[in-house]
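# Descriptive analysis of the structure
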Amino acid sequence: MSRIFSGIQPTGNLHLGNYLGAVRNWVKLQDDFECIFCVVDMHAITQWQDPAALTASTREVAAAMIASGVDAKKHIIFNQSQVAAHAELAWIFNCVARLGWLNRMTQFKDKAGKNRENASVGLYAYPNLMAADILLYRATHVPVGEDQKQHLELARDIAAKFNHDFGVEDFFPQPEPLILGTATRVMSLKDGTKKMSKSDPSALSRINMTDDADAIAKKIREAKTDPEALPEDAKAMEGRPEVANLLGIYAALSDTSLDDVIAQFAGQGFGAFKKDLADLAVAKLGPIQDEMRRLMDDTAHIDAVLKDGAQRARSIAAPIMTEIKQTVGFLNV
Ligand code: TYM
């Protein structure tokens, strides 16, 4: 059986990268898979979060999933901390994963920065919790942006080592990353070599899902480009990361191929292109934002969706967790 698991951290505003790299693809996949989508609040606290802001952001991410078209009745949306088995399995995986594996994780190095000694232990062990998220449900497919690829490889290594160490061949599947579409790595609007990120200090670097039409237009107008005209073909885009990023965003939002978008704007100046891109972004994001606002006015409804989702998640996880504990040799489980 095929089952999808994926997650988003409730750390500040959701941005266009989260939408194009993840949520939009989830909506497309939900007809073909059984899906579990998680607001990973336990991952969020690996770096300090103001408690009230964490609560608000958890609701906002859930609202964004629903507003984007995830069907919370047919599938599952919940926040991670409601299902205790994520933490239980993460501990077991802390004892399966090797220090050397975690030492290679580039995201830890990026997030910890120069002050590694002061990073939380949770931030370091974060990929083990992520592996637990996925394998707790024996999920087979994980739709993510490109930046999560290395974490997925680690989850596969953990699954294989657990199966091997406990002699339970095929107990955990090898989860497959699904990195789909033309915007698998949306870059900063201010620096085409850096990914669009919630933690970038420059607000102009990202389009937030909560930005209004004026803010979206301003950010796109002020996006970094270069003095040349738009490229005539894909080859002419090489070495122009900001231009490639804007064209990629256009292709993703308009559901066309990059080549078609390049052909459409070949040789033109950036003024008209940026205006078209802003109009397109507002047209595509506007209805989602309206629905998000409507949902955020009814927090009781969001909370109920997350509660119901957690209950269904628990009932899938419970028998798997029991089997894991028996496999490990825990008594009276
Ligand atoms: P997070 O919260 O950083 O991002 C959520 C999703 O958005 C994608 N994404 C991007 N895609 C394209 N361009 C970008 N600039 C961009 N920025 C973010 C991410 O790839 C991700 O798909 N560790 C995960 C959360 C997680 C998870 C999981 C994911 C926890 N457990 C289990 C899958 C399965 C994270 O920090 O994503």
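As shown above, the structure is provided for reference.
Residues numbered from 1 in each chain as written. Predicted model: local features only at pLDDT ≥ 70, side-chain atom pairs only at ≥ 80, totals over all residues. Heavy atoms only, no water.

### Side note on the pattern of salt bridges
- Under the counting rule described, the total for this entry stands at 19 salt bridges.
- As a salt-bridge pair, E88 and K325 come within 2.9 Å of each other at their nearest N and O atoms. Of the two residues, E88 is situated in helix α4 (residues 85-94) and K325 in helix α13 (residues 299-328); the sequence distance between them amounts to 237 residues.
- For E291, the salt bridge is made with R294, and the minimal N-O distance between the two is 2.8 Å. Of this pair, E291 and R294 are both found in helix α12 (residues 270-296), three residues apart, which corresponds to roughly one turn of the helix.
- Under the relative-accessibility criterion, E291 is labelled partly exposed at 25%.
- If you follow the salt bridges from partner to partner, you end up with R24, K28 and D255 in one network. (Salt bridge = Lys/Arg side-chain N within 4 Å of Asp/Glu carboxyl O. Helix = DSSP H or I, 4+ residues; strand = E, 2+ residues; numbered from the N terminus. Buried < 20%, exposed > 50% of the residue type's maximum accessible area, 1.4 Å probe, protein only.)

### Topic: the packing of aromatic side chains
- On inspection of all chains with the given rule, the structure shows 14 aromatic pairs.
- Consider the rings of F171 and F172, whose centres lie 4.8 Å apart with planes at 70°: the pair is edge-to-face.
- What links up through ring pairs into an aromatic cluster is the set F93, F162, F166, F171 and F172.
- It is R138 that lies over the ring of F171; its NZ or CZ is 4.1 Å from the centre. (Phe/Tyr/Trp six-rings, centres within 6.5 Å; stacked < 30°, edge-to-face > 60°. Lys NZ or Arg CZ within 6 Å of the ring centre and 35° of its normal.)

### Focus: the site of the ligand
- Around the ligand, 27 residues are found, and the nearest of them are Q9, Y126, D133, D147 and V186.
- Take Q9: an N or O atom from its side chain is 2.8 Å from an oxygen atom of the ligand.
- With respect to the ligand, the side chain of D147 contributes an N or O atom lying 2.4 Å from an oxygen atom.
- Surface burial for the ligand is 97%, taken as the share of its 710 Å² of free accessible area covered by protein chains.
- Those elements that place two or more of their residues in the shell around the ligand are β1 (3-8), α1 (16-29) and α7 (121-135).
- Taken together, the residues of the shell around the ligand sort by class into 12 nonpolar, 11 polar and four charged. (Near = heavy atom within 4 Å. Polar contact = N/O pair within 3.5 Å; in protein donor to acceptor, adjacent residues only side chain to side chain. Areas by Shrake-Rupley, 256 points an atom, 1.4 Å probe, with all protein chains shown as cover. Nonpolar A, V, L, I, M, F, W, Y, C, P; charged D, E, K, R; others polar.)

### A look at the nonpolar core
- Formed by 60 residues in total, the largest nonpolar core has its most connected members in L20 and F273.
- With 10 residues, the single largest contributor to this core is α12.
- Both of domain 1 (3-184 + 298-328) and domain 2 (211-294) provide at least three residues apiece to this core.
- For L20, the contacting residues outside a window of four places in its chain are N25, A183, V186, I249, A252 and L253.
- Membership of the second largest hydrophobic core comes to 49 residues, among which are V83, A85, I92 and A313. (Core = buried A, V, L, I, M, F, W, Y, C linked by side-chain atoms within 4.5 Å. Domains from an automatic or database assignment. Contact = heavy atoms within 4.5 Å.)

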